[in-house]
Structure formats: C-alpha cells, structure tokens
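Survey of secondary and tertiary structure
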Amino acid sequence: MGFEVLLKGSNMLRLLEGLSTALNISLISVAISLVLGIILGILMAMHNRVVLFFSKIYLEIVRIMPQMVLLFIVYFGSTKVIGINLSAETASIIVFSFWGAAEMSDLVRGALKSIPTIQYESSAALSLSSFMTYRYIIMPQVVRMLIPLSINLITRMIKTTSLVMMIGIVEVLKVGQQIIEANRTASPNAAFWVFLVIFLLYFAACWPISLLSRFLEKKWKV
Amino acid sequence: MDFNVVISYIPTYVDAFLLTVKIGWIGIAFSLVIGILSAFIMHFKIPVLSQIVAVYIELFRNTPLLVQLFFIYFGLPKIGIVISAGTCGAVGLGLLGGSYMAEVFRSGLEGVSISQTESSLALGFSKTQMFIYVILPQAFSKSVPGIVANVIFLLKETSVFSAISLMDLMFRAKDLIGLYYNTTEALFLLVIFYVIMLLPVSFLGSVIEKKVVSING
C-alpha cells in the first residue's frame, strides 16, 4: 500500500519536525509583521502626503508581486547585487515580514478609518483628553476589529511558508520527498500517503486558527 | 546588468509568460464556476451536497496551494489518477480558488438585506424570479471586490507551478540562474513579466471596484 512508510522508523516524527521548521519561520515573521504593520498603519492613518505616497508604492508592490518572486529576489539577488550571503531562513523571514507588514498595515489603517469622526467629536465634547479618547473609545473598538484579522493573517503566513522549500529549506514537503525517495523501491506508492498526511498536517495547523478567528469576529461584531 | 543578456532571454520568458497566463486564467475560470456552484449549494442548503461543499471549502482554504499540487501531481498517480502538469496546475488553482470564491459569493448572497426578499414577495415575484432579478444582481455586485482580490491572489499563486515542473516564469528564472549565473538579468525579467501580468489586473480591478462601490452606495 505505501502507508506503512509513515510508521517506519522516525518518519512521522521527521515530518512533524519539518512542519515545526515551517511554523517557526511563520511565527517569527508574524511577530515582526504585527509590530511593523501596526506602526506603519498608524503612520498611514495620519494623512501625511509623503508617507501615503511611499506606503502606496509599498502596498502595490506587495499586492502584485508573488511572495515566491520576492523570495527569489532576496535569496538569490542579495548575494549577487550587494554581496551579502543570507541564509535561506533569514531570506524567508525578511520576505514574509515584508509581505505581512504590508497586509497588517492595511488592516490597521482600515480599522482606524472605520471609526466614524463623530466618535472623536463626541469624546471631545465630553472633554476627554486625546489620550483618554484613544485609550477608552478608539482603541477598544480597533483592537476588537484587528484581533480576528491578525489571527487570520497567521494562517495565511503558515500557508505561505510552504514556499520556503523552493529555496532549499528542509521543511515538511522536503522531508516528505526525502522519505518517498528513500523508500522508492520498497514502497513505490508512498507518495500518495505522504502527501496526503502533509496536506492534513497543514490543515490541522491552520483550521483551529481559522475557527478561532471566525469565532472572535462573530463574537465582537459591532 | 547586461542588457544584451536581458534581450536574449526575452523570448524564453515570453513563452513562459504565455503558459503561466494561460493556466492561470483557466484556473481562475474553474474557480469561478466551482465558487458559484458551491455558494448556491450552501445558500440553498441542499442536503448532503452542502455538507460535502463545507468540508471542501475548509480543506482547501486551510492548506497551501503547493501542498495541494504535490498531492494532486505526485500523490494521485499512485492510486491510478494520472494528470499532466498543465491540467494539474489549472485544476489545483481552480480548487483552491473555488473555495475562496465560494466564500465571497456566499457572503454576497447573505449580504442582500432581508427587506429585499420581503419587498419582492410583497410585489408578487415568484421565488425563482426573486432570486434571478432581485437577489442575484445585488449579490454579484457585492461580491465584486472579493472577486478582484481573489483573481489577483490566484494569479500570484501561479508562481508555485514550477514545483510540479511546469515551465513557468519561476521555472525559467531558476533555470537561467542555475545554468548561467546571470542572476540579476534573470530576476529583473522575472519581476518585469509579473508586473506585466498583474499591474493591468490590479489597475482594472480598482477601477471596477470604485464603480461597484458607487452602485452599492
């Protein structure tokens, strides 16, 4: 059948290790994206012309360039053009943070913009200081809007990390290929089961997060 | 950067570009069909089918395209289902896109307010008439921003096709970098061709979105 390959030796464990490599990269990238994205999103909501101009270009680059292309540019291009030899891990964290920060900043900007002016005016009429306005009126609403969306960003980041095998990181797909190669003669049909298991592993990693995001979105819907 | 090298690479890239665009748009067409059908099945709560569609949507929304393609291209032949790389790319993209499009259409259908249904029933529309003349047009115009976003997303996802040895733009770039070390030139053309592929779509998308927003009010 081919399924027994997964039970042989530590094959299943190796697959899980591969998955955790991918998850590690995505979690680091998410953390960086959240911080940079929030800063950039607040800057963008301030209506500074220069900031808006550059952020528009930045967002458009991220909008139309596949992450795969960015990955190639950073990984292969950096060595050639500026002579720095980045490890594949560093290159992928740079690219995914670059991408994630853009997505996050757009979410933050959207959330800040969705608060109607009347709320600021009413707070001013109630003589709240601008710190109090943000602390008690604006932030609670923005945060409730942003949390489900940023959780959703995590699943998208995890899915995107599957690309890192293309620049040679040994993550779950690569481990899968190695297992299939090693057992080519003994179990020629292993590919079906190995890739099915990887498919389900990714699903198991992303689905609970998606559910959580959806649950919070519904719960906090204004 | 050596522009003679760039010029000599252009024909190879044009071939790859045409292939990528072709498979990309076939996949998008698939995804629209699958998405609309799934959304209808979910909307009308057709028994059995709607459960299957719900599982399909969750499975494909929560896994990366690369993993789906590996399973379809390398996994399925082992149980007797052999498909060519091109078909696999289009089918994979269609299945992934279908699950995203289904969500867009479904929320479009749900977004039509209940007063519209009530009003059309009060005006004596039959259920079918109501669906075709009242619900569908409004649901569609509400779905447009989501469709545009997904089309761009799917065109970008075509960049993983090289993993199943389709000779797409990424494949050519990687090939040329490996063979001749003309990294700068190969990457430059890669970016240029993706810009050619996506910038018009992105631009047209924002124009259509603006138009639809003014209709939706």
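None of these values were measured; they are calculated from a predicted model. (Residues numbered from 1 in each chain as written. Chains lettered and ligands numbered in written order. Predicted model: local features only at pLDDT ≥ 70, side-chain atom pairs only at ≥ 80, totals over all residues.)

1. Digging into the overall build of chain B
For the record, the criterion: For the purposes of this entry, the term helix denotes a DSSP run of H or I that reaches at least four residues, the term strand denotes a run of E that reaches at least two, and both are numbered from the N terminus. Note on burial: count the other C-beta atoms lying within 10 Å of the residue's C-beta; 20 or more is buried, 12 or fewer is exposed, in between is partly exposed, and C-beta positions come from the backbone.
Across its full length, chain B holds eight helices and zero strands. Helices and strands in chain B line up, N terminus first, as α-α-α-α-α-α-α-α. Seen through its C-alpha atoms, chain B measures out along the principal axes to roughly 70 × 45 × 20 Å. Out of the 217 residues belonging to chain B, those deemed buried represent 41%.

2. Description of the overall build of chain A
Inclusion rule: Throughout, a residue-residue contact means that the two C-beta atoms, derived from backbone geometry, are no farther apart than 7 Å.
Within chain A, the regular secondary structure consists of eight helices and zero strands. Counting across all 222 residues of chain A, residues that qualify as buried make up 41%. Long-range contacts, defined here as pairs at least 24 residues apart, represent 81% of the contacts in chain A between residues at least 6 apart.

3. A closer look at the interface of chain B and chain A
Formally: Throughout this entry, Asp, Glu, Lys and Arg are counted as charged residues, while Ala, Val, Leu, Ile, Met, Phe, Trp, Tyr, Cys and Pro are counted as nonpolar. The remaining residues, Gly among them, count as polar.
Counting from both sides, the interface comprises 33 residues of chain B and, opposite them, 31 residues of chain A. Only helix 2 (49-61), helix 3 (65-75), helix 6 (127-157), helix 7 (169-180) and helix 8 (183-216) of chain B provide two or more residues apiece to the side of chain B that touches chain A. Top contributing element to the side of chain B that touches chain A by residue count: helix 8 of chain B, with ten residues. Of the residues assigned to the side of chain B that touches chain A, the class counts are 22 nonpolar, eight polar and three charged.

4. A look at the packing of helix 1 (residues 3-43) of chain B against helix 7 of chain B
Residue and element names in this part refer to chain B. Threshold: Axis definition: a line fit to C-alpha positions, over the contact stretch in the case of helices; interaxial angles, taken between N-to-C directions, run 0 to 180 degrees. When an angle is under 35 degrees it counts as roughly parallel; over 145 it counts as roughly antiparallel; between 65 and 115 it counts as roughly perpendicular; any other value is oblique.
Their axes nearest at 8 Å, the elements helix 1 and helix 7 cross at an angle of 150 degrees. For the element pair helix 1 / helix 7, the angle class is roughly antiparallel. Seen from helix 1, the contacting residues are Tyr9, Thr12, Tyr13, Ala16, Phe17 and Thr20; seen from helix 7, they are Leu169, Phe171, Arg172 and Leu176. In terms of residue class, the contact of helix 1 with helix 7 is built from seven nonpolar, two polar and one charged.

5. Focus on the nonpolar core
Just so we agree on the cut-off: Only buried residues count toward a nonpolar core: Ala, Val, Leu, Ile, Met, Phe, Trp, Tyr and Cys, linked into one set through C-beta atoms within 7 Å.
With 118 residues, the main nonpolar core has Leu71, Phe72, Val194 and Ile198 of chain A together with Leu69 and Leu190 of chain B as its most contacted residues. Ranked by residue count, the leading element in this core is helix 8 (residues 190-219) of chain A, at 13 residues. Not counting chain neighbours up to four residues away, the residues in contact with Leu190 of chain B comprise Val69 and Phe72 of chain A together with Leu169 and Ala173 of chain B.

6. Quick notes on the environment of Val170 of chain A
Residue and element names in this part refer to chain A. For Val170, the position within the fold is in the loop between helix 6 (130-160) and helix 7 (172-182). Taking C-alpha positions, Val170 is 47 Å from Tyr136, a pair spaced 34 residues apart along the chain. Beyond its immediate chain neighbours, meaning those up to four positions away, Val170 contacts Gly18, Thr21 and Val175.

7. A short note on the environment of Ser107 of chain B
Residues and elements named next belong to chain B. Along the polypeptide, Ser107 turns up in helix 4 (residues 85-111). Taking the C-beta count within 10 Å as the criterion, Ser107 has 14 such neighbours and is therefore assigned partly exposed. Along the sequence, Ser107 and Val67 sit 40 residues apart, while their C-alpha atoms lie 27 Å from each other.

8. Looking at unusual backbone geometry
A negative phi angle characterises most non-glycine residues, just as the trans form characterises most peptide bonds. With phi around 60 degrees, His47 of chain A is a residue other than glycine that occupies positive phi space. The topology assignment puts His47 of chain A in the loop between helix 1 (11-44) and helix 2 (49-64). The exposure class of His47 of chain A is exposed, given the 8 C-beta atoms found within 10 Å. Of note in this structure, Tyr181 of chain B is not a glycine but carries a positive phi near 60 degrees. Tracing the chain through its elements places Tyr181 of chain B in the loop between helix 7 and helix 8.

9. Some details on helix 7 of chain A
Our working rule: The arc in question is the one traced by the directions running from the helix axis out to the C-beta atoms.
Of the positions making up helix 7 of chain A, those classed as buried are Val172, Leu173, Val175, Gly176, Ile179 and Ile180 of chain A. What you see down the axis of helix 7 of chain A is that its buried residues fit within an arc of 160 degrees, all on one side. Elements in contact with the buried residues of helix 7 of chain A: helix 1 and helix 8 of chain A together with helix 3 of chain B.

10. Describing the confidence of the model for chain B
Test applied: As a per-residue quantity, pLDDT reports the predictor's confidence and falls between 0 and 100.
Here chain B averages 91 in pLDDT, while 99% of its residues score no lower than 70. For this predicted complex, the interface confidence reaches an ipTM of 0.88, while the overall pTM sits at 0.90.

11. Considerations on the packing of helix 4 (residues 88-113) of chain A against helix 6 of chain A
Residues and elements named next belong to chain A. Stated formally: By definition, turning the near helix anticlockwise from the far helix through less than a right angle yields a left-handed crossing, and turning it clockwise yields a right-handed one.
Helix 6 packs onto helix 4 with a crossing angle of 160 degrees between their chain directions and a minimal axis gap of 10 Å. The orientation of helix 4 relative to helix 6 falls into the category roughly antiparallel. Crossing of helix 4 against helix 6: the hand is right-handed. Packed against helix 4, whose contacting residues are Phe96, Gly100, Glu103, Met104, Leu107, Val108, Ala111 and Leu112, the element helix 6 presents Val142, Met145, Leu146, Leu149, Ser150, Leu153, Met157 and Thr160 at the interface. The residue inventory of the contact of helix 4 with helix 6, partitioned by class, reads twelve nonpolar, three polar and one charged.

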